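# Structural overview
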Amino acid sequence: MSDEHRPVEDWATDYDIFDPDYVKEPGPVWDDLRQRCPIAHTKRWGGSFMATRYEDVQQLVRMTPELSSRSPTIVPPSPELREEMIAEVKAYGSENPPITADPPEHKPYKQLILPFFTPKATDSYRAFTEDLCNTLIDGLVDKGQCDAAAEYAQQIPPRVIARILGIDPARGAEFTEWTQGVLELGQTNPELRTKYRRIIRDFFAELVAHRRENPSDDVVSTLIAAEVEGEALSDHSIIGICNLLLVAGIDTTWSSIGAALWHFAGHPEDRRRMVREPDLFPTAIEELLRFYGPVMMGRRILEPVTIAGTELTPGEKLILNFPAANRDPEVFDRADEVVLDRERNRHVAFGIGIHRCAGSNLARMEMDVALRTWFERIPEFELSDPDAVTWAGGQVRGPRSIPVRY
Amino acid sequence: MRIRVDSEKCEGHNRCKALAAELFDLDDLGYASAVAEGVVPPGAEDQARLAVSNCPEFAIEIVED
Ligand code: HEM
Ligand code: SF4
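Computed from a predicted model, the values in this text were never measured in an experiment.

Cut-offs used in this document
- What you see as residue numbers is a count from 1 along each chain, following the sequence as written.
- Whichever chain is written first is A, and whichever ligand is written first is 1; the rest continue in order.
- Only residues with pLDDT of at least 70 get local features here, since the model is predicted, and only at 80 or more are side-chain atom pairs given and counted; chain-wide, interface and lining totals rely on the full set of residues.
- Only hydrogens and water are set aside when side-chain values are computed; all heavy atoms of the structure are taken into account.
- When we say a residue is near a molecule or strand, we mean one of its heavy atoms is within 4 Å of it.
- Lining residues are defined by having an atom within 4 Å of a point belonging to a cavity or pocket. Those points lie on a 1 Å grid over the protein atoms alone, cavities being sets where a 1.4 Å probe fits but cannot get out and pockets being open sets with protein on both sides within 12 Å along at least five of seven lines.
- More than half of a molecule's atoms within 2 Å of the grid points is what it takes for that molecule to sit in a cavity or pocket.
- Only heavy atoms matter for contacts: two residues are in contact if any of them lie within 4.5 Å across the pair.
- Here's the idea: put two parts together, see how much 1.4 Å probe accessible area each one loses, and the total over both is what we call buried area.
- Definition of a polar contact: a pair of N or O atoms within 3.5 Å, with one able to donate and the other able to accept a hydrogen when the atoms are protein atoms, and with sequence-neighbouring residues admitted only if both atoms are side-chain atoms.
- Think of it this way: any DSSP run of H or I at least four residues long counts as a helix, any run of E at least two long counts as a strand, and we number them from the N terminus.
- Think of it as three bins: nonpolar holds Ala, Val, Leu, Ile, Met, Phe, Trp, Tyr, Cys and Pro, charged holds Asp, Glu, Lys and Arg, and polar takes everything else, Gly as well.
- Grid points are joined across faces, edges and corners, and a volume is the space filled by probe spheres set on the points.
- In summary, the pairing rule links any two rings of Phe, Tyr or Trp, Trp by its six-membered ring, whose centres are within 6.5 Å, and it sorts them by plane angle into stacked for under 30 degrees, edge-to-face for over 60 and tilted for everything else.
- Ring-over charges, as used throughout, are those where CZ of Arg or NZ of Lys falls within 6 Å of the ring centre and within 35 degrees of the ring normal.

Take the site of ligand 2 next. The environment of ligand 2 is formed by Val-5, Cys-10, Glu-11, Gly-12, His-13, Asn-14, Arg-15, Cys-16, Ala-32, Cys-55, Glu-57 and Ile-60 of chain B. Under a 2 Å grid-point criterion requiring more than half of the atoms, the pocket assigned to ligand 2 is the largest cavity.

Written out as structure tokens, the structure reads:
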């Protein structure tokens, strides 16, 4: 795939979502595309179109059945894995519902998982998250320096979701490795993607078998007892849902917490303001989600549709670039600045339409607890080596190493 | 002032409830509706406007000023 890493000459016709400079600072490319070519195209990574304007993204999420969620990853799997997945979908239905399901199949699956992620439900995991964050800081505070991404942000989401799924939070590091294997590294490495998909599915196959014998009141047991259209869910579906719930909230939330800490480490004015005005956290978190929104989603184009004068051709993918939409100056004043007390903020970091992130309340709670706890215990901190900061990119963008001192 | 949540458009982002807790109810799945038939008590008008301008689905509207 080395050819995929040729330098980009024209972003409108040949963009590369893995280009290292773009991953570090994508804003200028988005601004250019929004003005010049709002629906860009590339032949790289399987071929895709990319929407960068808020208005276009708002329209595109509603264009079903032409644009399908059946394969929402941007880079297609290897031909072998693709064959395997198509055969399984034929036999058992959608791979990871609801994220891989289209209407009308989507709704009942979404409704099954939403009760676990309402504001009330997520509040019940707040005390666990506070303890977790405090324990992490206990191990860091006296060191005077740490990697705020690897030693803090990364440690939180896998343990919280493990706790919710009734699996062992102490295995958090493994869950992170699996998620990175199937998503972050798996995007451009088909062997890793296949390998970790298998590991995750086998793990949940065992768990489902165990819960069938020993039911409790946890998520897995609820899924086992549930019915969709009067029929019990197949093991294949239950495993797929659990797989989704495990991986969807790990590198995404970790990216958001990390990006927020990176921002404050590099912007002392903003950091001091949060120390002075902690009541600003809810508003500031929305603004950080707007500005550093980590997630872009793919759709498969099944039938031709026209958007902003461009015809999307079947067979390729469409990228819904939510982070770029969030910086559209048509919608946001001072779109290219972080405005911590921004009052009007219709950002789309969690997607929009029927696939709105089912974990958005949980992610917000985790960000709130992670940032408040850090600020209470380490109010003064700065980047110790700005050049050593690294970012992961592609479908989920966020910092992976943030050396800070305090 | 009166507000209305279009249940066809609401996708449960919970921005309204977070910003104006007294004006909205959430159902068991997290979808919103306006309390008291949408009547906004005096003094809560700004909160109502805030909710409107933070709903990413454009699901809330002010039906009467
Ligand atoms: C800041 C962190 C997060 C961000 C930015 C984020 C972003 C997104 C986005 C953009 C979508 C839309 C997908 C689409 O349109 O195809 C989505 C869907 C989803 N997310 Fe998240 N997510 C985050 C955290 C979480 C967490 C913590 C969970 C917990 C389990 C989660 C679970 C899901 C699920 C289940 C879906 C599928 C919903 C559906 O298809 O109806 N996410 N997320
Ligand atoms: S902010 Fe909008 S979409 Fe979200 S719950 Fe309220 S009305 Fe529904």
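Accessible area lost when the parts come together is the quantity often used to give the size of an interface. Taken together, the 23 residues of chain A in the interface contact 18 residues of chain B. With both sides pooled, the region where chain A packs onto chain B buries about 1,700 Å², and carbon together with sulfur makes up 49% of that total. Where chain A meets chain B, there are 12 residue pairs in polar contact (both at pLDDT 80 or more). When residues of the side of chain A that touches chain B are traced back to their parent elements, those giving at least two are α4 (54-60), α6 (106-113) and α19 (360-377) of chain A. By residue class, the composition of the side of chain A that touches chain B is seven nonpolar, eight polar and eight charged.

A few words on the layout of surface pockets. Estimated volume of the second largest pocket: approximately 650 Å³. In this structure, the second largest pocket is lined by 29 residues; those nearest its centre are Pro-282 and Arg-364 of chain A together with Asn-14, Arg-15 and Ala-18 of chain B. Put simply, the parts of the chain that give the lining of the second largest pocket at least two residues each are α7 (119-123), α17 (281-292) and α19 of chain A together with α1 (15-19) of chain B. Looking at the lining of the second largest pocket, the element that brings in the most residues is α19 of chain A, giving five residues. Residue classes in the lining of the second largest pocket are distributed as eight nonpolar, eight polar and 13 charged.

All names here are of chain A. Taken as a whole and assessed by the stated rule, the structure comprises 17 aromatic pairs over all chains. With 6.1 Å between their ring centres and 85° between their planes, Trp-374 and Tyr-406 make a pair best called edge-to-face. Residue Trp-374 is located in helix α19, and its partner Tyr-406 is located in the segment after β14 (403-405); the two are separated by 32 residues in the primary sequence. Three or more aromatic residues joined by ring pairs make a cluster, and in this case those are Tyr-152, Phe-264, Phe-281, Trp-374, Phe-375, Phe-381 and Tyr-406. The ring of Phe-291 has Arg-327 sitting right over it, with the charged end atom 3.7 Å from the ring centre.

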